[in-house]
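Architecture and fold: a report
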Amino acid sequence: MNSYRDRCFHLASFMAWSGWTLQMPAIPVISTLVMILKRDIVCPIRIISHSTLKTFWSQPKYVDAREPLEAWFHFTKVADWVTPVDVKADFRSASILMDGRVIFNIAGNKYRLVVWINYTFRTVYIRFVGTHEQYDNINPQTI
């Protein structure tokens, strides 16, 4: 499997070879091209940050969250999410909020994971991980 850098290089090379010129706004052009060519040169999703998950499950009372969070992390890293519909297709229990926010139920709904997804740049930002009780004390739209 090619590395992240190789796949992105191939995308840029194809764009140059095919005569694409990037004018403002360039992002919709790139995301459309990625959607067209996604079978061959999709860049993997970047997750920021794995250490947030590790910090959570390293606490003695949340040790049971490690396996489900690791499973979510590894699945998400290779997912091909271009729109919120793609997320919902992979995780039916996920709640889609405005502005790219998604709430995942972890470990049989025991924990909640709030992320912000930038679909254009294929990046997932972990904003919160905690129990339902802790989740009730935050605003997932602003955290």
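Notes on the structure in this doc start here.

How each quantity is defined
Residues numbered from 1 in each chain as written. Predicted model: local features only at pLDDT ≥ 70, side-chain atom pairs only at ≥ 80, totals over all residues. Heavy atoms only, no water. Buried < 20%, exposed > 50% of the residue type's maximum accessible area, 1.4 Å probe, protein only. Helix = DSSP H or I, 4+ residues; strand = E, 2+ residues; numbered from the N terminus. Pairing = 2+ DSSP bridges. Core = buried A, V, L, I, M, F, W, Y, C linked by side-chain atoms within 4.5 Å. Contact = heavy atoms within 4.5 Å. Expected span 1.5 Å × (residues − 1). Arc of directions from axis to C-beta. Phe/Tyr/Trp six-rings, centres within 6.5 Å; stacked < 30°, edge-to-face > 60°. Lys NZ or Arg CZ within 6 Å of the ring centre and 35° of its normal.

Topic: the pairing of strand E5 (residues 123-131)
Within E5, 7 of the 9 residues are buried, leaving the element largely enclosed by the surrounding structure. Looking at chain direction, strand E1 (residues 46-48) and E5 are connected through 3 bridges and run parallel. Its bridge partner being in E5, Arg-46 is matched across the sheet by Thr-123. The pairing of strand E4 (residues 111-118) with E5 spans 8 bridges and is antiparallel. Within the sheet, the bridge partner assigned to Trp-116 lies in E5 and is Tyr-125. From the end of E4 to the start of E5, which pair antiparallel, there are 4 residues, and Arg-122 there has a positive phi angle of about 55 degrees.

Focus on the sheet that holds E4
Pairing in this open sheet of 5 strands is mixed, and the strands run E1-E5-E4-E3-E2 from one edge to the other. Sheet topology places E1 and strand E2 (95-96) at the edges, where each strand pairs with a single neighbour.

Here we look at the pairing of strand E3 (residues 101-106)
Most of E3 sits out of view: 5 of its 6 residues are buried. In sequence, E2 turns back onto E3 through a hairpin of 4 residues, with Asp-99 there showing a positive phi of about 60 degrees. When E3 meets E4, the two strands line up antiparallel, connected through 6 bridges. Within E4, the residue paired with Phe-104 across the bridge is Leu-113. Taken together, E3 and the strand that follows it, E4, pair antiparallel across an intervening segment of 4 residues, in which Ala-107 is found at a positive phi of about 60 degrees.

Quick notes on the nonpolar core
If you look at the biggest cluster of nonpolar residues, it comprises 25 residues, and the most contacted ones within it are Leu-53, Leu-69, Trp-72, Trp-81, Phe-104, Leu-113 and Val-115. Within the residue set of this core, elements represented by two or more residues are helix H3 (50-57), helix H4 (66-77), E3, E4 and E5. Each residue touching Phe-104, except ones within four places of it in the same chain, is listed here: Trp-72, Trp-81, Val-87, Phe-91, Ala-94, Tyr-111, Arg-112, Leu-113 and Val-115.

Brief notes about H4
With 12 residues, H4 extends 16 Å between its outermost C-alpha atoms, agreeing within 8% with the 16 Å of an ideal straight helix rising 1.5 Å per residue. Within the span of H4, buried status applies to Leu-69, Glu-70, Trp-72, Phe-73 and Thr-76. Down the axis, H4 shows its buried residues gathered within 160 degrees of arc, on one side only. Where H4 is buried, its residues contact E1, H3, E3, E4 and E5.

Overview of the packing of aromatic side chains
Going through the model one piece at a time under the given rule, you end up with 10 aromatic pairs. Taking 6.3 Å as the distance between ring centres and 20 degrees as the angle between the ring planes, the aromatic pair formed by Trp-81 and Phe-104 counts as stacked. With a gap of 23 residues between them, Trp-81 in the loop between H4 and helix H5 (84-90) and Phe-104 in strand E3 connect regions that are remote in the sequence. A single burial state applies to Trp-81 and to Phe-104, both of which are buried. A ring pair is formed by Phe-128 and Tyr-135, whose centres lie 6.4 Å apart and whose planes are at 50 degrees; its orientation type is tilted. Residue Phe-128 is classed as buried on the basis of its relative accessible area, which comes to 11%. When its relative accessible area of 13% is taken as the criterion, Tyr-135 is described as buried. Put simply, the rings of Trp-72, Phe-75, Trp-81, Phe-91 and Phe-104 pair up and form one aromatic cluster. Against the face of Tyr-135 rests Arg-112, its NZ or CZ located 4.6 Å from the ring centre.

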